[in-house]
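What follows is the residue order along each chain.
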Amino acid sequence: MTAYPSLCMIIDGERVSGGGRRTHAVINPATGAALGELPLAAPTDLDRALEAAARGFAIWRNTPAPQRAAVLQGAARLMLERQEEIARIATMEQGKTLAEARVEVLMNVGLFHFYAAECQRVYGRQLVRPAGQRSTVVHEPVGVVAAFSPWNFPIGNPGRKLGAPIAAGCAVIMKSAEETPASGLAVLQCLLDAGLPGAVAQAVYGVPDEVSRHLLASPVVRKLSFTGSTVIGKHLLKLAADNMLRTTMELGGHGPVLVFDDADCDRVLDVVVPHKYRNAGQVCVSPTRFIVQRDAFERFRDGFAGRAAAIRVGNGLEEGVQMGPMANPRRLEAMDRLIGDATAKGAKLLTGGERSGNQGYFYAPTVLAEVPIDAAIMNEEPFGPVALINSYTDEAAMIAEANRLPYGLAAYAWTSDAARQRRLAREIEAGMVGINTTMIGAADAPFGGVKWSGHGSEDGIEGLMACMVTKAVHEG
Ligand code: NAD
């Protein structure tokens, strides 16, 4: 039985807590019980983290890539050894099922191995010049990265925020979510135990706006990497602009799923229903608006509702549970508001639509059909266990609906028509398109959005190059 660890910040390789600092109670969303008290940074803590990171960058940018790779590989091995412990911690503080938390650890392991290899292949180039002259293009680590990550992937988000910058030779000041701090601390600890110099990566917590204002205004920081809502993303971009920071912004989505008459309806349902309710729908690439062609509509709608109603909801630590609680009470309130608004405007509630259990933050898997386009939930990211299913006649109208919102993160389409597959891949405005699949994330594939879903990518070569700047050197 894993005990929830005592909480701290990690600055310059040291665990920092106590000292009269303010604290934040971390809550188990399955029970409502307090797990621990997280120390929050004072300005002096943030200054110490900045000073350490500046020093860490000077060390790490001059550390040969094979040594950086060895640290990432060592951390990956340690994460695998500690998989069960880290997964249990994540489930305790975030609520998702243990099976999903274990997958998050494996995502980090894969990403760290990928970047361990890829950071040794960051080639520059030499330009064609007359004899006696030389012009070269080199890629250098951007510097200190301020990395802010949310609570929905308490292991995977910190893995992304640390993996690429460390591979590139940057230093990091990470603030993972105050609601799920222990998972991110466990990931950082694997890196430190694998030999990462303490000054290279810090974990701080605090009042988010205080921390981000302090760090983003510092001349030490050269890049902001943020995952979270579009609203906060826009706010942080403005702060980043004042200091001319490079930015990678992974923001909200409103995943459209186009299901055509020619798709195998049962197979689609078998794949998309579990994908919808993964992490209780609190996933930026969650499929949300099901845009179903008319002949398939009734079968799809009824099959979806039947499967959703059969999902076993409970404490993620228990065997056989398929969906845990919402991560925090804000999401419960959002579900009540959005679903109430939709049904008041005429949407048909097929299953769910209410809280469940007598403790914790559980919400029943919910399906709404024939949802009016002016319902808030058709326009605002629900970030919860709710599917919206509407019927359309032709392809053009379905693509128009997919592209209607300012979001463009993940989109999915199901059709057996090869020519249509190519048209959809071209016409849908999204950073990631899954055709006849929901598997759109992989260590070697860029992950990111367009429009209000943000810019830049994590993962893949793109995620590594986003941590580097280009320098042209001319010798006469
Ligand atoms: P929020 O926007 O208040 O917070 C999202 C994350 O950003 C949290 O981890 C929070 O600590 C952090 N944050 C907030 N203000 C910050 C600041 N000034 N500086 C630095 N970090 C800051 O939202 P929330 O209530 O936690 O979640 C609500 C919405 O956020 C969801 O509906 C969803 O749209 C979005 N969200 C998106 C993702 C994603 O993966 N893209 C993840 C979590 C939440």
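In this numbering scheme, every chain counts its residues from 1 along its sequence in written order. Note on the predicted model: pLDDT of at least 70 is required for a residue's local features to be given, and 80 or more for side-chain atom pairs to be given and counted; whole-chain, interface and lining totals, by contrast, use all residues. Hydrogens are left out, water is left out, and the side-chain values use all remaining heavy atoms of the structure.

So, the sheet that holds strand 5 (residues 125-126)
By this definition, two strands are paired if DSSP reports at least two bridges between them. Helix numbering and strand numbering both begin at the N terminus, where a helix is a DSSP run of H or I of at least 4 residues and a strand a DSSP run of E of at least 2. Pairing is antiparallel in the open sheet, where 3 strands are placed in the order 5-6-22. Edge positions in the sheet fall to strand 5 and strand 22 (468-475), since each has one partner strand and no second. In this structure, strand 6 (residues 134-141) lies alongside strand 22, joined through 8 bridges in antiparallel fashion. Bridge assignment links Val138 to a residue of strand 22, and that residue is Lys471.

So, the domain arrangement of the chain
One can read the domain layout of the chain as domain 1 (9-251 + 453-475) and domain 2 (255-443). Bear in mind that the domain bounds are from an automatic or database domain assignment. Taking only C-alpha atoms, the centre of domain 1 and the centre of domain 2 are 30 Å apart. Buried area is calculated as the accessible area (1.4 Å probe) missing from two parts once they are joined, with the contributions of both summed. When the two sides are added together, the surface that domain 1 and domain 2 hide from each other amounts to roughly 2,200 Å², 54% of it contributed by carbon and sulfur. Only one rule defines a salt bridge in this text: a Lys or Arg side-chain nitrogen within 4 Å of an Asp or Glu carboxyl oxygen. Of the charged contacts, one joins Arg330 and Glu179 as a salt bridge, the two residues approaching to 2.9 Å between their closest N and O atoms. In the analysis that follows, any N or O atom pair within 3.5 Å is treated as a polar contact, provided that within protein one partner can donate a hydrogen and the other can accept it, and provided that, for residues neighboring in sequence, both atoms belong to side chains. One can count 10 residue pairs in polar contact (both at pLDDT 80 or more) joining domain 1 with domain 2. Put simply, the parts of the chain that give the side of domain 1 that touches domain 2 at least two residues each are helix 3 (83-94) and helix 4 (98-118). Taken together, the residues of the side of domain 1 that touches domain 2 sort by class into 10 nonpolar, 11 polar and 5 charged. Residues were grouped as follows: Ala, Val, Leu, Ile, Met, Phe, Trp, Tyr, Cys and Pro as nonpolar; Asp, Glu, Lys and Arg as charged; and all remaining residues, including Gly, as polar.

Overview of the nonpolar core
Generally speaking, nonpolar side chains in soluble globular proteins are found buried as a group. By nonpolar core is meant a set of buried Ala, Val, Leu, Ile, Met, Phe, Trp, Tyr and Cys residues that side-chain atoms within 4.5 Å join together. Any residue under 20% of the maximum accessible area for its type is buried, any over 50% is exposed, and the rest in between are partly exposed; the area is computed with a 1.4 Å probe on protein chains only. In this structure, Phe112, Phe148, Leu162, Ile166, Leu191, Leu196 and Leu224 are the most contacted members of the largest nonpolar core, which totals 86 residues. At 9 residues, helix 4 tops the list of elements feeding residues into this core. Contacts are assigned to residue pairs that have any heavy atoms within 4.5 Å of one another. Apart from the residues within four sequence positions on either side, Ile166 is in contact with Trp60, Arg68, Leu72, Val172, Leu191, Leu196 and Ala201. Val259, Val273, Phe290 and Phe304 belong to the second largest nonpolar core, which has 50 residues in total.

Regarding the pairing of strand 12 (residues 255-259)
Working note: regular strand, side chains alternate between the two faces of the sheet. Summarising burial for strand 12: 5 of the 5 residues are buried, a large majority. Of the two faces of strand 12, both are covered, the one formed by Gly255, Val257 and Val259 as well as the one formed by Pro256 and Leu258. By the bridge criterion, 5 bridges tie strand 12 to strand 13 (residues 287-293) in an arrangement that is parallel. Each residue of the ladder has a partner; that of Val257, found in strand 13, is Phe290. Between the parallel pair strand 12 and strand 13, the chain is carried across by helix 9 (residues 265-277), and the sense of this crossover is right-handed. When the strands point away from the viewer, a crossover counts as right-handed if the route from the first strand across the helix to the second turns clockwise.

Some thoughts on the site of the ligand
Each residue is tested against the molecule or strand, and it is near if at least one of its non-hydrogen atoms lies within 4 Å. Contacts to the ligand come from 25 residues, most closely from Trp151, Ser212, Ser229, Arg330 and Glu381. A distance of 3.4 Å separates a nitrogen atom of the ligand from a polar atom in the side chain of Asp209. In this structure, an oxygen atom belonging to the ligand sits 2.2 Å away from a side-chain N or O atom of Glu381. Of all elements in the fold, only helix 7 (208-216), strand 10 (221-227), helix 8 (230-242) and helix 11 (329-344) reach the threshold of two or more residues within the shell around the ligand. Looking at side-chain class alone, the shell around the ligand contains 11 nonpolar, 7 polar and 7 charged residues.

Points about the sheet that holds strand 14 (residues 348-351)
Overall, mixed pairing links the 7 strands, which are arranged 14-15-16-13-12-18-19 in an open sheet. Because the sheet does not close on itself, it has two edges, and the strands there are strand 14 and strand 19 (432-435). When strand polarity is set aside, the average angle formed by the axes of neighbouring strands in this sheet is 20°. Of the pairings in the sheet, the one linking strand 15 (residues 366-369) to strand 16 (residues 386-392) comprises 4 bridges and is parallel in character. If you follow Ala369 over to strand 16, its bridge partner there is Ile389. Orientation is described by axes fitted as lines to C-alpha atoms, over the contacting stretch for helices, and by angles from 0 to 180 degrees between their N-to-C directions. Seen against the sheet, helix 9 touches strand 12, strand 13, strand 15, strand 16 and strand 18 (410-414) and runs at an angle of roughly 155° to strand 13. Packed on one face of the sheet, helix 12 (residues 395-402) meets strand 12, strand 13 and strand 16 and runs near 170° to strand 13.

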